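Observations on the three-dimensional arrangement
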Amino acid sequence: MLTLENITKVFHAGTVNARTALDGVSLHLTKGDFITVIGGNGSGKTSLLNTVSGGFLADGGRIMLDGKNITFLPEHKRARNIGRLFQDPMKGTAPNMTIAENLSLAYRQAGDRKFRIGIGRKQFDFFREQLVQLNLGLENRMKTNMGLLSGGQRQAVTLLMATVCTPKLLMLDEHTAALDPATAEKILHLTEKIIKKEGLTALMVTHDIPSALALGSRTIMMKDGKIILDASGDERKNLTVEKLIKLY
């Protein structure tokens, strides 16, 4: 479903500040895989997501998504098939637009629909139904500007925006790191619920090792731009937080 073949990325190549972000990374995800990604700062986790999403182009290697070569596809075109959440709850949304308007923008972008002014009643009711599943009462605040929501509420809506049109791939870049523990737990629960319900293929970067083991079907660890651990099945079941911390 998603295949990375020998992906490399070097920033400031040919200078004294050269830094290898990705060093021959190869990875394959089948449909329905939910992979948690861990590693220290500068290990290549976010660079991996940026390369897949088109935030920057790889220097070498190939990226295939659902049988299509997207290695050099512009980011805005990849966004039709890839949903993404960021660490910053303020990122990825328009704060001066309402919840309904933000959902509408995401719906049109993912579905490659033509822009038109206003939100029809049918579409408004559809967004309301989607918001109900968040269990945050936001279905009654659809005309509230996104900038007035709390960080947790905003991440919940952003999660919905990323999945309102089922993406081929969902990428979560430490999307609970800026939230308080109780809110983070709630957002992780919502994330797991939506991924299971929609049968999504997902990559989730996290520094929370217990979550890395509790969620998903595989866990990979990165260091110096390389994947140094790829655990699934019985191997992953036998991993403990203590063992992973020791490796970490």
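For the structure, check the block above.
Since this is a predicted model, take the numbers as computed values, not measurements.

Re the sheet that holds strand S3 (residues 34–39)
- Pairing within the open sheet is mixed, and its six strands lie in the order S6-S7-S8-S3-S9-S10. Looking at which strands have only one partner, the edges of the open sheet turn out to be strand S6 (82–85) and strand S10 (226–232). For this sheet the average axis-to-axis angle between neighbouring strands, irrespective of direction, equals 15 degrees.
- Across four bridges, the pairing between S3 and strand S8 (residues 202–205) is parallel. In the strand pairing of S8, Ile-35 is matched with Leu-203.

Topic: the packing of aromatic side chains
- Within the structure shown, the criterion is met by four aromatic pairs.
- Aromatic side chains Phe-11 and Phe-56 sit 5.2 Å apart centroid to centroid with 90 degrees between the ring planes, which places their arrangement in the edge-to-face category. Residue Phe-11 is located in strand S1 (residues 2–11), and its partner Phe-56 is located in the loop between helix H1 (45–53) and strand S4 (60–65); the two are separated by 45 residues in the primary sequence.
- We note Lys-91 situated over the ring of Phe-86; from NZ or CZ to the ring centre the distance is 4.7 Å.

Things to note about the nonpolar core
- Ranked by size, the top nonpolar core spans 36 residues in total, and within it Ile-99, Leu-131, Val-157 and Leu-170 carry the most contacts.
- Looking at this core, the elements with two or more residues in it are helix H3 (99–110), helix H4 (121–132), helix H5 (151–163), strand S7 (169–173), helix H6 (181–198) and S8.
- If near-sequence neighbours (up to four positions away) are discounted, Val-157 is found in contact with Ile-99, Leu-103, Leu-131, Leu-134, Leu-138, Met-146 and Leu-149.
- Formed by 25 residues, the second largest nonpolar core is a distinct cluster that contains Ile-7, Ile-35, Met-171 and Met-222.

Examining unusual backbone geometry
- One non-glycine residue, Asn-6, adopts positive backbone phi at about 50 degrees.
- Relative to the assigned elements, Asn-6 resides in strand S1.

Analysis parameters
Residues numbered from 1 in each chain as written. Predicted model: local features only at pLDDT ≥ 70, side-chain atom pairs only at ≥ 80, totals over all residues. Heavy atoms only, no water. Pairing = 2+ DSSP bridges. Helix = DSSP H or I, 4+ residues; strand = E, 2+ residues; numbered from the N terminus. Axes fitted to C-alpha atoms, helices over the stretch in contact; angles between N-to-C directions. Phe/Tyr/Trp six-rings, centres within 6.5 Å; stacked < 30°, edge-to-face > 60°. Lys NZ or Arg CZ within 6 Å of the ring centre and 35° of its normal. Core = buried A, V, L, I, M, F, W, Y, C linked by side-chain atoms within 4.5 Å. Buried < 20%, exposed > 50% of the residue type's maximum accessible area, 1.4 Å probe, protein only. Contact = heavy atoms within 4.5 Å.

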